[in-house]
Amino acid sequence: VQLVESGGGSVQPGGSLRLSCAGSGFTFSTYRMSWHRQAPGKERERVATITSSGSSTDYADSVKGRFTISRDNGKNTVYLQMNSLKPEDTAVYYCKRVGSRPMLDFWGQGIQVTVSS
């Protein structure tokens, strides 16, 4: 099993980034996927979740209306479109395969997003 994030980097406040997470080694289309983030000195928090078909999504209040999670099961990839970025969005972002039990969860290695002027 492997999850590889890409698309991170540095952006000015108000800017946009799109993160991608490519999955392999498992049947991607049968799992819910989620994005999480961890800022320095803070606990990891869930940002967004998408169902296996992509028909339903859920967001943390802090990103509602600014971030959009989506997936392409044909490409085994989940995305996080981040708009109107704020300095407080600065964090390492992780994608996660959501298992039927916590022991079946699997995390990507994480990717840095920095929002600064």
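Residues numbered from 1 in each chain as written. Predicted model: local features only at pLDDT ≥ 70, side-chain atom pairs only at ≥ 80, totals over all residues. Heavy atoms only, no water.

### Re the packing of aromatic side chains
Stage number 1. The full count for this structure, using the stated rule, is three aromatic pairs.
Stage number 2. Between phenylalanine 26 and tyrosine 31, the aromatic rings sit 5.4 Å apart at their centres with planes inclined by 85°, giving edge-to-face as the arrangement.
Stage number 3. By relative accessible area, which is 13% here, phenylalanine 26 ends up buried.
Stage number 4. Residues tyrosine 94 and tryptophan 107 carry aromatic rings whose centres are separated by 6.2 Å and whose planes lie at 90° to one another, so their mutual orientation is edge-to-face. One end of the pair, tyrosine 94, is in strand β9 (residues 91–98); the other, tryptophan 107, is in strand β10 (residues 106–107), with 13 residues separating them in the sequence.
Stage number 5. The ring of phenylalanine 26 has arginine 97 sitting right over it, with the charged end atom 5.0 Å from the ring centre.
Stage number 6. Here the basic side chain of arginine 97 rests over the ring of tyrosine 31, its NZ or CZ set 4.5 Å away from the ring centre. (Phe/Tyr/Trp six-rings, centres within 6.5 Å; stacked < 30°, edge-to-face > 60°. Buried < 20%, exposed > 50% of the residue type's maximum accessible area, 1.4 Å probe, protein only. Helix = DSSP H or I, 4+ residues; strand = E, 2+ residues; numbered from the N terminus. Lys NZ or Arg CZ within 6 Å of the ring centre and 35° of its normal.)

### What about the pairing of strand β4 (residues 32–38)?
Stage number 1. Of all seven residues in β4, five are buried; the element is thus mostly enclosed.
Stage number 2. Relative to β9, β4 is paired through seven bridges, and the arrangement is antiparallel. Each residue of the ladder has a partner; that of arginine 37, found in β9, is tyrosine 93.
Stage number 3. For β4 and strand β5 (residues 45–50), the ladder comprises five bridges, and the chain directions are antiparallel. (Pairing = 2+ DSSP bridges.)

### Points about the sheet that holds strand β8 (residues 77–82)
Stage number 1. With respect to topology, four strands assemble into an open sheet ordered β1-β3-β8-β7, the strand pairing being antiparallel. Strand pairing shows two members of the sheet lacking a second neighbour, β1 (2–6) and β7 (67–72), which therefore form its edges. Mean inter-strand twist for the sheet, computed between neighbouring axes without regard to direction, equals 15°.
Stage number 2. For β1 and strand β3 (residues 17–24), the ladder comprises five bridges, and the chain directions are antiparallel. Directly across from serine 6, in β3, lies its bridge partner serine 20. (Axes fitted to C-alpha atoms, helices over the stretch in contact; angles between N-to-C directions.)

### With respect to the nonpolar core
Stage number 1. Within the largest apolar cluster, 28 residues are counted, with the highest numbers of intra-cluster contacts made by Trp35, Leu80, Met82 and Tyr93.
Stage number 2. Every element with two or more residues in this core is listed here: β3, β4, β5, β7, β8, β9 and β11 (111–115).
Stage number 3. Ignoring any residue separated from it by four or fewer positions in sequence, one finds methionine 82 in contact with Gly15, Ser16, Leu17, Leu19, Arg66, Phe67, Tyr93 and Val113. (Core = buried A, V, L, I, M, F, W, Y, C linked by side-chain atoms within 4.5 Å. Contact = heavy atoms within 4.5 Å.)

### Overview of the state of the cysteines
Stage number 1. Using the criterion set out here, one finds one disulfide in the structure.
Stage number 2. Residue cysteine 21 pairs covalently with cysteine 95 via a disulfide, S to S 1.9 Å. For the disulfide bridge between cysteine 21 and cysteine 95, the dihedral angle about the S-S bond is near 45°, and by the sign convention the bridge is right-handed. Of this pair, cysteine 21 sits in strand β3 while cysteine 95 is found in strand β9, placing the two residues 74 residues apart along the sequence. For the pair cysteine 21 and cysteine 95, a shared accessibility class is recorded, and that class is buried. (Disulfide = S-S within 2.5 Å.)

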